[in-house]
Amino acid sequence: MKKIFLLSTLAIVILFVSCSKDGDGNENFTGVVTVTQKGTLKSLLQKYGLMDATQLTIAGTLGDADFETLIDLTIYNKLEALDLSDVDISILPTQALWAARLTSIILPANLEEIGLQSLAGTRIEMITIPPSVLTIGERAFDDCKQLRTIVFSSNARLKTIAGEETAYSGGAFSDCEALSTISIPASVEVIGERAFLGCTSLRTITFQPNSRLKTIGRLAFITCPIASIELPASVEHLESTFSGCTSLKSVRFQAGSQLRTIDDFAFQSCLLETLDASNCSYITNISFNSLAGSRTTLTSFRIGTRIPPLCSSPLWAPKDAVLQVPAGCADAYRSAEGWKNFTDIIE
């Protein structure tokens, strides 16, 4: 009987505990901790001597107390890497791992929302967003200063990259200072206000083919040093989208553009050299105030709308730029308010 009991105990330990040694001879936990009841993670780790593990793989379910345990383990113990791929949660809770000193994390495979500040202030350098995620919440990755790479799957379902809900709080990826490039999934419909505020290394922003992006919030890319961008055909309105992007030189709209309006501060503080809206056939309103900072730098402005759009702030028209309009429309632009201020209008 005693022998059976010992064998059973050994089996349980093997189920939960597996170790390997690194180059220095230190033991690193590499097994799986299965949590069947919320709030019990700490007791399981204590039971199996895993409080000083440098990496953990967790399955089952987690509650607020369990996330607090994980944060503490990164601050007061040795935890650096976390695999939550088999954790059964749909929402990563508010501040779930806020300021945790993690360098690596694998998110739950069935996750649908990355909550408010849930991974803010972590030390991760790379993150793979599961295809099930629909929303990346406000400040979800705020102040992740080492984050360099964001990977989205080809079958991503992501719809919203959230902006700030309160003034000057920042959006989903605010202050990710090491992030240099991002490819926005085609499924994304909304990029919120100040979503990439403070991403001071973000020079390349691309949009995957067949993008469904409709809305880009105010100041979404403020302080990002992007030099050029091609906007998806699905975008209908530009607010103060690129305000503060002082490195932006070239803007182009994809074929079949549905753009309707360019508002007052869309390109405020930008020093544009080319604005190619030749694929935009439906523009109804444009504010030349949005191009005030580009009056002396803009050399080429192409527009595909046959009827000259209504314009505001006509005195700010970048009159020294060559304005190229659709064939047969030059006379209409030469006589239209605001547009007639351009010195050189060609077809």
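Residues numbered from 1 in each chain as written. Predicted model: local features only at pLDDT ≥ 70, side-chain atom pairs only at ≥ 80, totals over all residues. Heavy atoms only, no water.

Some details on the overall build of the chain
Helix and strand counts for the chain stand at four helices and 26 strands. Taking 20 Å as the expected radius of gyration for a compact globule of 347 residues, we find that the chain reaches 26 Å, considerably beyond that expectation. On the principal axes, the C-alpha backbone points of the chain span a range of 100 × 35 × 30 Å. Looking at the chain alone, contacts between residues at least 24 apart form 48% of all its contacts between residues at least 6 apart. (Helix = DSSP H or I, 4+ residues; strand = E, 2+ residues; numbered from the N terminus. Rg over C-alpha atoms; globule rule 2.2 N^0.38 Å. Contact = heavy atoms within 4.5 Å.)

Quick word on the environment of Gly198
With respect to the helices and strands, the residue Gly198 is situated in the loop between strand S14 (190-191) and strand S15 (204-207). Classification of Gly198 by relative accessible area gives buried; the value is 9%. Counting along the chain gives 22 residues from Gly198 to Cys176, while the straight-line C-alpha distance between them is 6.8 Å. Those residues in contact with Gly198 that lie beyond four places of it in its chain are Asp175, Cys176, Glu177, Ile222 and Thr223. (Buried < 20%, exposed > 50% of the residue type's maximum accessible area, 1.4 Å probe, protein only.)

Considerations on the packing of aromatic side chains
Across all of its chains, the model carries eleven aromatic pairs by this definition. On the numbers, 5.0 Å between centres and 80° between planes, the contact of Phe288 with Trp339 is edge-to-face. Of the two residues, Phe288 is situated in the loop between strand S22 (285-287) and strand S23 (300-303) and Trp339 in the loop between helix H4 (330-335) and strand S26 (344-346); the sequence distance between them amounts to 51 residues. Across this residue pair, the class does not change: Phe288 and Trp339 are buried. Between Phe301 and Trp339, the aromatic rings sit 5.9 Å apart at their centres with planes inclined by 50°, giving tilted as the arrangement. Of this pair, Phe301 sits in strand S23 while Trp339 sits in the loop between H4 and S26, and the two are 38 residues apart along the sequence. Per residue, the accessibility class of Phe301 equals that of Trp339, and both read buried. An aromatic cluster of three or more residues is present, and its members are Phe141, Phe173, Phe196, Phe221, Phe242 and Phe267. (Phe/Tyr/Trp six-rings, centres within 6.5 Å; stacked < 30°, edge-to-face > 60°.)

Details of the sheet that holds S26
An order of S17-S19-S21-S23-S25-S26 is seen for the six strands of this open sheet, with the pairing classed as parallel. In this open sheet, the two edge strands, each paired with only one partner strand, are strand S17 (228-231) and S26. Across the sheet, the mean angle separating the axes of adjacent strands is 15° when strand polarity is ignored. Of the pairings in the sheet, the one linking strand S19 (residues 250-253) to strand S21 (residues 274-277) comprises three bridges and is parallel in character. Bridge pairing in S21 places Val251 opposite Leu275. (Pairing = 2+ DSSP bridges. Axes fitted to C-alpha atoms, helices over the stretch in contact; angles between N-to-C directions.)

What about the sheet that holds strand S18 (residues 237-238)?
The strand order across the open sheet built from four strands is S18-S20-S22-S24, with neighbouring strands paired in parallel fashion. For this open sheet the edge positions go to S18 and strand S24 (310-312), each flanked by a neighbour on one side alone.

Examining the nonpolar core
Within the largest apolar cluster, 100 residues are counted, with the highest numbers of intra-cluster contacts made by Phe141, Phe196 and Phe267. It is helix H3 (residues 64-76) that contributes the most residues to this core, four residues altogether. Sequence-distant contacts of Phe141, that is, excluding residues within four places in its chain, are made with Ile114, Leu119, Ala120, Ile124, Ile127, Ile129, Ile136, Leu147, Ala172, Phe173, Ser174 and Cys176. (Core = buried A, V, L, I, M, F, W, Y, C linked by side-chain atoms within 4.5 Å.)

Overview of the side chain of Ser174
Inspection of the secondary structure assignment puts Ser174 in the loop between strand S12 (160-161) and strand S13 (181-184). Residues contacting Ser174, with those up to four places away along its chain left out, are Arg139, Phe141, Asp142, Asp143, Ser169, Arg194, Ala195 and Leu197.

What about the environment of His237?
Within the secondary structure layout, His237 lies in strand S18. Separated by 38 residues in the primary sequence, His237 and Cys199 have C-alpha atoms spaced 23 Å apart. Not counting the four nearest positions on each side in its chain, His237 is found in contact with Leu259, Arg260 and Thr261. Within the local environment of His237, its side chain forms a polar contact with the side chain of Thr261, the two groups lying 2.8 Å apart. (Polar contact = N/O pair within 3.5 Å; in protein donor to acceptor, adjacent residues only side chain to side chain.)

With respect to the environment of Val235
Inspection of the secondary structure assignment puts Val235 in the loop between S17 and S18. What makes Val235 buried here is its relative accessible area of 1%. In the structure, Val235 is positioned 21 residues away from Lys214 in sequence and 4.5 Å away in space, judged by C-alpha atoms. Non-local contacts of Val235, meaning those with residues more than four positions away in its chain, are made with Leu213, Lys214, Ile216, Gln258 and Leu259.

Here we look at the confidence of the model for the chain
Scored by pLDDT, the chain has a mean of 90; 90% of the residues are at 70 or more. Predicted confidence for residues 1-22 stays below pLDDT 50, and this span has 26 contacts to residues more than four positions away or in other chains. Below pLDDT 50 for its whole length, residues 25-30 participates in 22 contacts with residues either more than four positions away or in separate chains. (pLDDT = per-residue confidence, 0-100.)

Re unusual backbone geometry
A negative phi holds for most residues other than glycine; trans holds for most peptide bonds. Positive phi, normally seen in glycine, also occurs at Ala99, with a value near 65°. Summarising the element assignment, Ala99 is placed in the loop between strand S6 (91-92) and strand S7 (104-106). Exposure remark for Ala99: the relative accessible area of 31% places this residue in the partly exposed category. At Ser313, a residue that is not glycine, the phi angle is positive and equals roughly 55°. With respect to the helices, strands and loops of the structure, Ser313 is situated in the loop between S24 and strand S25 (322-324).

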